Amino acid sequence: MAVTETSGLLTENPSAPRDSALFRYVLYQADDNLVLAQRMSAWISRAHDLEEDIALANIALDLLGRARMLLEYAGKLEGKCRTEDELAMFRSEREYTNLLLVEQPNGDFAYTMVRQFFFDAYQLGLWKALADSKDTTLAAIAGKALKEARYHLRHSSGWLVRLGDGTRESHRRTRQAVEELWRFVPEMFESEETCDRLAEAEVAVSPSQLRPAWIRRVRDTFSSAGLQIPGDRFSRSGGRSGFHTEHLGYLLAEMQWMQRSYPGMQW
Amino acid sequence: MTDRHRGEARFEALLAAEEKVEPPDWMPDGYRKTLIRQIAQHAHSEVIGMQPEANWISRAPTLKRKAILMAKVQDEAGHGLYLYSAAETLGITRDEMMRLLHEGKHKYSSIFNYPTLSWADIGCIGWLVDGAAITNQVMLTRCSYGPYARGMVRICKEESFHQRQGFEIMATLSRGTPAQRQMAQDGLDRWWWPSLMMFGPHDSASTHSRQSMEWKIKRVSNDDLRQQFVDMTVPQAEYLGLAIPDPDLRWNAERGHYDFGEIDWDEFWAVVKGNGPMNRERIAHKRAAWEDGAWVREAAAAYAARRRDAVA
Amino acid sequence: MDATLLSGDAVVIDARDVQSRVEAVPDPELPWVTISDLGVLRSTHIALGRAVVEVTPTWSGCPAMDAIRESIRLVLGEAGFTPEQMEINTTFSPAWTTDDITDAGRRKLAQAGIAPPRRPAEQPLGETLCPRCQSTGVRQVSEFGSTPCKALMVCRSCLEPFDRFKEL
């Protein structure tokens, strides 16, 4: 994969090993946001009312904006002059490093909102921690993302409570979504080599450290929503090393279609 | 003098003085109904107009273009919401307007019954469709009804930003490879005539126009607006190096305007009456979103009602 | 700093003039306010044959940033700088907040019928007023409006629908 840069020039640079790990780490965050932005944007014009159409478009746009900042930074760290579009449009499924949670299809509105709530609660903790990163660029991006993450979490947790405590039908759908998506939760907090190495250098945060606050946030919202946290059981992971569910391929095929059909053109 | 007479006199005085009519003011029933119909149709157009553009969000060629397109569609939804609120000041609810749209009793701009078949179509919607809409909306900033006129000022600014971005898509394609230039020309070929149709029938055939002009809801006639649009757009097409698909198009030095060919009015009326390329799909999409979301609206209402009871 | 400098190809450039022209670049969607009013423009340095401008984005998803960078390039180009002599940097730190909008910017927003954001953004004080009749009896129709920075409100007194700049 692209991160194993071993040219003489780079190995002489003392910051190179850190840069290549950081490249990978920044790419993780970029991919999470980009893939979810692509999923969320498919809701536009399909929501249950106009307010929600606007809200979902706005959230998708924030996620995309954040993904673009991160991809641009990742490109700089990699040192191969790859642009945001080259990174987004010319990597295959096996090279994408997003969490499995964000690539799951939209399902119904309850499914989308549970997925979003799990992710928003995770992002809030992540950006809070990364705002203190020793890498100043990452810290600056985190500081910015944090403010928006609060708006996003307020929106998705508000919906979880309304749906969980709404009608029998909405409660049933929401509970089912929680049951189905819970298997993708442990991956967010899984120990991972790149994260752990950078966490030691106080550049990144170790995923497991984010878990207690996440569980607290989820428990609070679930208790207002009348929802139960499912018991521990089967879980899926592998996104960070490019082992995805079958859903991602179609998402990328659609997103990358123009660039792949008309290579090397300006748009 | 009765209240009604006083109201009527004041209404006429406001119009004569080029001042705005505001929600609490007395207004003739016909004025109110015309405004409701027009503002609702405008709002529906923004909302239905989201569909042909949303069709390209997932496939936008670059992330920057994707972001711009998403922001544009969000913008249209926001304008729709604003316009529904403006119509509500006249005593109709948004739910009622939605129902009339879903039942086919309210219209929306026919232009959105054409499909977006290539990336150039997104450029054409920005350049031509928004360009035509702005021509109309600039006029509406001088409309006699206050909330509508003031809303138009802000909406025009935001639309101008999108028009500039649409033109930029076209400019990029025109400077690009032969495949891209062909894409741009094909887009113009398909969107040119429908864009001219956006200004409606000829003045001589327009049923509502005269009364609307007297009420100062409409300030410029359909044919004059269409001419403005053609005069503005032809040089832009020349700059892009694209050919406008009209053999009769030429500069008329005597008039100081471009002469142009006749619109295919059969096509115009077919689309207005519901038989355009995408009429059924647009309404079906809108109704499906509304019906699929019924359980969400019910849940939100049930939750809100329970919260109110808990407080009371 | 000397206000009159020579650029690379010996065009006389008035640094203060260039600076004020950069400051006057309007926001593409809210053209009533400038990038300086909004606090998007962080700094402008005009030195011998070089212009370095630093901007900061508002909301991550706001595509106006791309247009703002282009407008700055245009202004610098008109002032005689070649593309090689311009540098437009984006900084994320400190993160932009609506508290960065100047008093003049707030007045201009209100005049355009947009309720300015309250201060401080972290814990906003006071109430949102209807920009038309100054009533405090206003209702939020939608937390998300036509652009990422705005919410849609309606005044209960005069019924005016209006946009409110959201605190960030």
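Predicted model, so just to flag it, every value in this text is computed and none were measured.

**Student:** How would you summarise the overall build of chain C if you had to cite specific residues and measurements?
**Tutor:** Within chain C, the secondary structure is distributed over four helices and nine strands. In terms of its C-alpha atoms, chain C occupies a principal-axis envelope of roughly 60 × 25 × 25 Å. Taking all 168 residues of chain C together, the buried fraction comes to 55%. Long-range pairs, those at least 24 residues apart, make up 50% of the contacts in chain C between residues at least 6 apart in sequence. With the model as given, the accessible surface of chain C reaches about 7100 Å², and the carbon-plus-sulfur share is 51%. On chain C, the mean spot of the 17 positive side-chain charges and the mean spot of the 23 negative ones are 7 Å from each other.

**Student:** How would you sum up the state of the cysteines? Please name residues and give values.
**Tutor:** Residues and elements named next belong to chain C. Within the structure shown, the criterion is met by zero disulfides over all chains. Of all cysteine sulfurs, the one in cysteine 155 lies closest to cysteine 133, which takes part in no disulfide; the gap is 3.6 Å. Since its relative accessible area comes to 34%, cysteine 133 is described here as partly exposed.

**Student:** Just give me the short version of the sheet that holds strand β8 (residues 150-155) of chain C, but keep the residues and values in it.
**Tutor:** Residues and elements named next belong to chain C. Taken in spatial order, the four strands make up an open sheet running β6-β9-β8-β7, and their pairing is mixed. The open sheet has two edge strands, β6 (114-115) and β7 (138-142), and neither has a second partner. Two strands pair when backbone bridges link them, and β8 and strand β9 (residues 161-165) are joined in this way by five bridges, in the antiparallel orientation. Bridge pairing in β9 places alanine 151 opposite arginine 164.

**Student:** Can you tell me about the interface of chain A and chain C, naming the residues and giving the values?
**Tutor:** Chain A puts 21 residues into the contact, and the matching count from chain C is 22 residues. Both sides together, the interface formed by chain A and chain C hides about 1900 Å², and carbon and sulfur atoms give 61% of it. Interface area lost by chain A to chain C is led by Lys144, Lys147 and Tyr151 of chain A, which between them contribute 35%. Seen at the junction of chain A and chain C, the total is two salt bridges. Inspection of the region where chain A meets chain C yields five residue pairs in polar contact (both at pLDDT 80 or more). If you list the elements that add at least two residues to the side of chain A that touches chain C, you get α3 (50-78) and α7 (136-164) of chain A.

**Student:** Account for the interface of chain A and chain B, naming residues and giving values.
**Tutor:** Taken together, the contact between chain A and chain B spans 45 residues of the former and 45 residues of the latter. Broken down residue by residue, the surface that chain A buries against chain B is led by His48, Leu50 and Trp267 of chain A, which jointly contribute 19%. Seen at the junction of chain A and chain B, the total is two salt bridges. In this structure, glutamate 51 of chain A and arginine 94 of chain B form a salt bridge, with 2.6 Å as the shortest nitrogen-oxygen distance. Here chain A is connected to chain B by 13 residue pairs in polar contact (both at pLDDT 80 or more). Of all the elements in the fold, those that place two or more residues in the side of chain A that touches chain B are α2 (16-41), α3, α4 (84-89), α6 (109-130), α7, α8 (168-181) and α11 (247-261) of chain A. For the side of chain A that touches chain B, the element with the highest residue contribution is α3 of chain A, accounting for 11 residues. Its residues placed into classes, the side of chain A that touches chain B shows 23 nonpolar, 10 polar and 12 charged.

**Student:** Go over the pattern of salt bridges, please, and point to the residues and values.
**Tutor:** This structure, assessed with the given rule, holds 47 salt bridges over all chains. Of the charged contacts in the structure, one is a salt bridge between aspartate 32 of chain A and arginine 240 of chain A, with a shortest N-O distance of 3.1 Å. One end of the pair, aspartate 32 of chain A, is in helix α2; the other, arginine 240 of chain A, is in the loop between α10 (211-225) and α11, with 208 residues separating them in the sequence. In this structure, the salt-bridge partner of glutamate 169 of chain A is arginine 172 of chain A, at a minimum N-O distance of 3.4 Å. Residue glutamate 169 of chain A and its partner arginine 172 of chain A are both found in helix α8; the two are separated by three residues, about one turn of the helix. Here arginine 172 of chain A falls in the partly exposed class, since its relative accessible area comes to 38%. One salt-bridge network, held together by shared partners, links Arg68 and Glu84 of chain A together with Asp66 and Arg69 of chain C.

**Student:** How would you sum up helix α6 (residues 119-140) of chain B? Please name residues and give values.
**Tutor:** Within an α-helix, residues lying three or four positions from one another point in the same direction, as the helix has 3.6 residues per turn. Residues and elements named next belong to chain B. An ideal rise of 1.5 Å per residue puts 32 Å on 22 residues; α6 measures up with 31 Å between its terminal C-alpha atoms. Burial runs high along α6: 20 of the 22 residues are buried. If you check the start of α6, you find a side-chain oxygen 3.1 Å away from the backbone N of alanine 120, and it comes from serine 118.

**Student:** How would you explain the sheet that holds strand β5 (residues 86-90) of chain C if you had to name every residue and give the values?
**Tutor:** Residues and elements named next belong to chain C. Across the sheet, which stays open at both edges, the three strands sit in the order β3-β4-β5 with mixed pairing between neighbours. Two strands bound the open sheet, and with one partner strand each, they are β3 (41-47) and β5. Adjacent strand axes in the sheet meet at a mean angle of 10°, parallel and antiparallel pairs treated alike. Here five bridges tie strand β4 (residues 50-55) to β5, and the two strands are oriented parallel to one another. Counted as the bridge partner of glutamate 54 is asparagine 89 from β5. Contacting β3 and β4, helix α1 (residues 15-23) crosses the sheet at an angle of about 155° to β3. Where helix α3 (residues 64-78) meets the sheet, its contacts fall on β4 and β5, and the angle it forms with β5 comes to roughly 155°.

**Student:** Describe the domain arrangement of chain C, and please don't skip the residues or the numbers.
**Tutor:** All names here are of chain C. Entries for chain C in the domain assignment read domain 1 (4-90) and domain 2 (112-165). Of note, the centres of domain 1 and domain 2, computed from C-alpha atoms alone, are 31 Å apart. Between domain 1 and domain 2, the residue contacts involve seven residues of the former and seven residues of the latter. Across the interface of domain 1 and domain 2, roughly 530 Å² is buried in total on both sides, 85% from carbon and sulfur atoms. Per-residue buried area on domain 1 facing domain 2 is highest for Leu30, Trp32 and Trp59; these three make up 69% of the total on that side. Linking domain 1 with domain 2 are zero salt bridges, by the criterion used here. Along the contact surface separating domain 1 from domain 2 lie zero residue pairs in polar contact (both at pLDDT 80 or more). A class-by-class count of the residues in the side of domain 1 that touches domain 2 yields five nonpolar, one polar and one charged.

**Student:** Account for the side chain of glutamate 51 of chain A, naming residues and giving values.
**Tutor:** Examined against the element boundaries, glutamate 51 of chain A turns out to sit in helix α3. A polar contact of 2.6 Å, which involves the side chain of glutamate 51 of chain A, links it to the side chain of arginine 94 of chain B. Glutamate 51 of chain A has contacts with Leu81 and Arg94 of chain B together with Val141 and Ser142 of chain C, leaving out every residue within four places of it along the chain.

**Student:** Before we move on, could you go through the packing of helix α4 (residues 63-88) of chain B against helix α5 (residues 94-102) of chain B and cite the residues and values that matter?
**Tutor:** Residue and element names in this part refer to chain B. Relative orientation of the contacting elements α4 and α5 amounts to 110°, with a least axis distance of 9 Å. Overall, the two elements α4 and α5 adopt an arrangement that is roughly perpendicular. From α4, Leu81, Tyr84, Ala87 and Glu88 reach across to α5, where they touch Arg94, Met97 and Met98. Tallied by class, the residues present in the contact of α4 with α5 amount to five nonpolar, no polar and two charged.

**Student:** Could you give me a rundown of the nonpolar core, with the residues and numbers involved?
**Tutor:** If you look at the biggest cluster of nonpolar residues, it comprises 192 residues, and the most contacted ones within it are Tyr25, Phe118 and Trp214 of chain A together with Trp119 and Tyr145 of chain B. Counting residues per element, this core draws most heavily on α3 of chain A, which supplies 17 residues. In this structure, phenylalanine 118 of chain A is in contact with Leu101, Val178, Leu181, Trp182, Val185, Met188, Trp214 and Phe222 of chain A, ignoring residues within four places of it in sequence. By size, the runner-up hydrophobic cluster in this structure holds 37 residues, among which are Val18, Leu30, Val33 and Phe81 of chain C.

What counts, and at which threshold
- Residues numbered from 1 in each chain as written.
- Chains lettered and ligands numbered in written order.
- Predicted model: local features only at pLDDT ≥ 70, side-chain atom pairs only at ≥ 80, totals over all residues.
- Heavy atoms only, no water.
- Helix = DSSP H or I, 4+ residues; strand = E, 2+ residues; numbered from the N terminus.
- Buried < 20%, exposed > 50% of the residue type's maximum accessible area, 1.4 Å probe, protein only.
- Contact = heavy atoms within 4.5 Å.
- Areas by Shrake-Rupley, 256 points an atom, 1.4 Å probe, with all protein chains shown as cover.
- Lys, Arg positive; Asp, Glu negative; His and termini not counted.
- Charge placed at Lys NZ, Arg CZ, Asp CG, Glu CD.
- Disulfide = S-S within 2.5 Å.
- Pairing = 2+ DSSP bridges.
- Buried area = accessible area lost by both parts, 1.4 Å probe.
- Salt bridge = Lys/Arg side-chain N within 4 Å of Asp/Glu carboxyl O.
- Polar contact = N/O pair within 3.5 Å; in protein donor to acceptor, adjacent residues only side chain to side chain.
- Nonpolar A, V, L, I, M, F, W, Y, C, P; charged D, E, K, R; others polar.
- Expected span 1.5 Å × (residues − 1).
- Axes fitted to C-alpha atoms, helices over the stretch in contact; angles between N-to-C directions.
- Domains from an automatic or database assignment.
- Parallel < 35°, antiparallel > 145°, perpendicular 65-115°, else oblique.
- Core = buried A, V, L, I, M, F, W, Y, C linked by side-chain atoms within 4.5 Å.

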